[in-house]
Amino acid sequence: MHEMLRDIDAVIFDMDGSLVDSMWMWRAIDIAYLGKFGISLPENLQSEIEGMSFGETAVYFKEHFPIPDSLEEIKADWNRMAWDKYMYEVPLKQGIPEFLAGCSANGIKLGIATSNSRELVENVAKVHRLREYFTSIMTGCDVARGKPFPDIYLAVAEQLGAAPGRCLVFEDIVAGIQAGKNAGMRVCAVEDSYSAQDREKKKRLADYYIEEYTGLFSY
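Each residue is numbered by its place in its chain's sequence as written, counting from 1. Confidence filtering applies because this is a predicted model: local features only for residues at pLDDT of at least 70, side-chain atom pairs given and counted only at 80 or more, and all residues used for totals across whole chains, interfaces and linings. Each side-chain value is derived from all of the structure's non-hydrogen atoms; neither hydrogens nor water enter the calculation.

### Some remarks on the nonpolar core
1) Next: Here, nonpolar core refers to any group of buried Ala, Val, Leu, Ile, Met, Phe, Trp, Tyr and Cys residues whose side-chain atoms link them within 4.5 Å. Using a 1.4 Å probe on the protein chains alone, a residue whose accessible area is under 20% of its type maximum counts as buried, one over 50% counts as exposed, and one in between counts as partly exposed. In this structure, Val11, Phe13, Phe61, Tyr86, Phe99 and Phe170 are the most contacted members of the largest nonpolar core, which totals 52 residues.
2) Next: The dominant element in this core, judged by the number of residues it contributes, is helix 1 (residues 23–35), at five residues.
3) Next: Counting residues in each nonpolar core, the second largest holds 21 residues, with Tyr153, Ala157, Cys167 and Ala206 among its members. Note on conventions: DSSP H or I runs of at least 4 residues are helices, E runs of at least 2 residues are strands, and numbering of each starts at the N terminus.

Take a look at the structure:
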């Protein structure tokens, strides 16, 4: 067992980029969605909305772009656009099935803390047969503040019955790593091509860094 898992009662995953390889698709969806209204994708959009919940992102779009649709219509469109990609184009991160089985076999509780929508995270868990592993799944819309605030990680830990100091977080973006650290948890940064430009900062902020999950339970 890897040293990062010693004295750990619970492992909590971010979803996009940490559990599934999906960060690339959100940029594609933003381009297609804004394109419907004749709006081109601003270069700084991804950094502006990083860490925001699904609902907070919809509010940002409504306030910053001339979109006539309601917040509910915006979110419904995103759910529809994302679902097809999650079904057919988004794989699990390398080594995840074996890692989840290892956690389960060693009595480590598992949770998901995602900025994504409830509908999408539940569908992803179903498609990849992950639901049996996770005792707690919470979204950014379930708490008052999005990442980098610690709210969502503390809420999942409470639901799992685990002390924050005995939780290990897997995160792929800077705001998420900060959220885990702000919650008083140990954090392992996950390699993801989407955040390649932040690689050194991620390594600096996190306690550990992995490129994939394969072998974390090797003895």
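Structure's up, so let's keep going.
### Some details on the sheet that holds strand 3 (residues 136–139)
Whether parallel or antiparallel, the strands of a sheet pair through hydrogen bonds between backbone atoms.
1) Next: Strands pair, by our definition, only if DSSP identifies at least two bridges between them. Read from one edge of the open sheet, six strands run 3-2-1-4-5-6, paired in parallel fashion. Lying at the two open borders of the sheet, with one neighbouring strand each, are strand 3 and strand 6 (208–210). Each strand of the sheet is rotated relative to its neighbour by a mean of 20 degrees, with strand direction disregarded.
2) Next: Of the strand pairs in this sheet, strand 5 (residues 186–190) and strand 6 are connected by three bridges, and their pairing is parallel. Paired with Ala189 across the bridge in strand 6 is Tyr209.
3) Next: Helix 5 (residues 96–105) contacts strand 1 (10–13), strand 2 (109–114) and strand 4 (167–171) of the sheet and is inclined by roughly 150 degrees relative to strand 1. Axis definition: a line fitted to C-alpha atoms, over the contacting stretch in the case of helices. Angles run 0 to 180 degrees between N-to-C directions. Residues count as neighbours in contact if any of their non-hydrogen atoms are within 4.5 Å of one another.

### Overview of the state of the cysteines
1) Next: Note on terminology: disulfide denotes any pair of cysteine sulfur atoms within 2.5 Å. The final tally for this structure, using the stated rule, is zero disulfides.
2) Next: As a non-bridged cysteine, Cys167 has Cys103 as the owner of its nearest cysteine sulfur, 12 Å distant.

### Here we look at the packing of aromatic side chains
1) Next: Each Phe, Tyr or Trp ring (for Trp, its six-membered ring) is paired with any other whose centre lies within 6.5 Å, and the angle between the two planes then decides the class: stacked below 30 degrees, edge-to-face above 60, tilted in between. This structure, assessed with the given rule, holds 16 aromatic pairs.
2) Next: Consider the rings of Phe99 and Phe217, whose centres lie 5.5 Å apart with planes at 35 degrees: the pair is tilted. On the criterion of sequence distance, the pair formed by Phe99 in helix 5 and Phe217 in the segment after strand 6 is long-range, its members being 118 residues apart. Each of the two residues, Phe99 as well as Phe217, counts as buried.

### Observations regarding unusual backbone geometry
1) Next: The omega torsion of the bond from Lys147 to Pro148 falls at 15 degrees, within 30 degrees of zero and hence cis.
2) Next: Tracing the backbone shows Pro148 in the loop between strand 3 and helix 7 (151–160).
3) Next: Phi at Asp7 is positive, roughly 60 degrees, even though this residue is not glycine.
4) Next: In this structure, Asp7 sits in the segment before strand 1.

### Section: empty space enclosed by the protein
1) Next: Cavity and pocket criteria rest on a 1 Å grid covering protein atoms alone: a 1.4 Å probe that fits but cannot get out defines a cavity, protein on both sides within 12 Å along at least 5 of 7 lines defines an open pocket, and an atom within 4 Å of a point defines a lining residue. Grid points are joined across faces, edges and corners, and a volume is the space filled by probe spheres set on the points. What the rule picks out here adds up to two cavities of 30 Å³ or more.
2) Next: Volume-wise, the largest cavity comes out at about 430 Å³.
3) Next: Lining the largest cavity are 22 residues, and of these Met23, Trp26, Ile49, Met52 and Ser115 sit closest to its centre.
4) Next: For the lining of the largest cavity, the secondary-structure elements that each account for two or more residues are helix 1, helix 2 (45–49) and helix 3 (54–64).
5) Next: Per-element accounting of the lining of the largest cavity gives the leading share, three residues, to helix 1.
6) Next: Under the convention adopted here, Pro, Cys and the residues Ala, Val, Leu, Ile, Met, Phe, Trp and Tyr are nonpolar, Asp, Glu, Lys and Arg are charged, and Gly plus all remaining residues are polar. The class makeup of the residues in the lining of the largest cavity is eight nonpolar, seven polar and seven charged.
7) Next: Taken together, Gly51, Thr114, Ser115, Gly140, Val143, Arg145, Gly146, Lys147 and Ile152 make up the full set of residues lining the second largest cavity.
8) Next: Its residues assigned to classes, the lining of the second largest cavity shows two nonpolar, five polar and two charged.

These results come straight from atomic positions and should not be treated as a statement about function.
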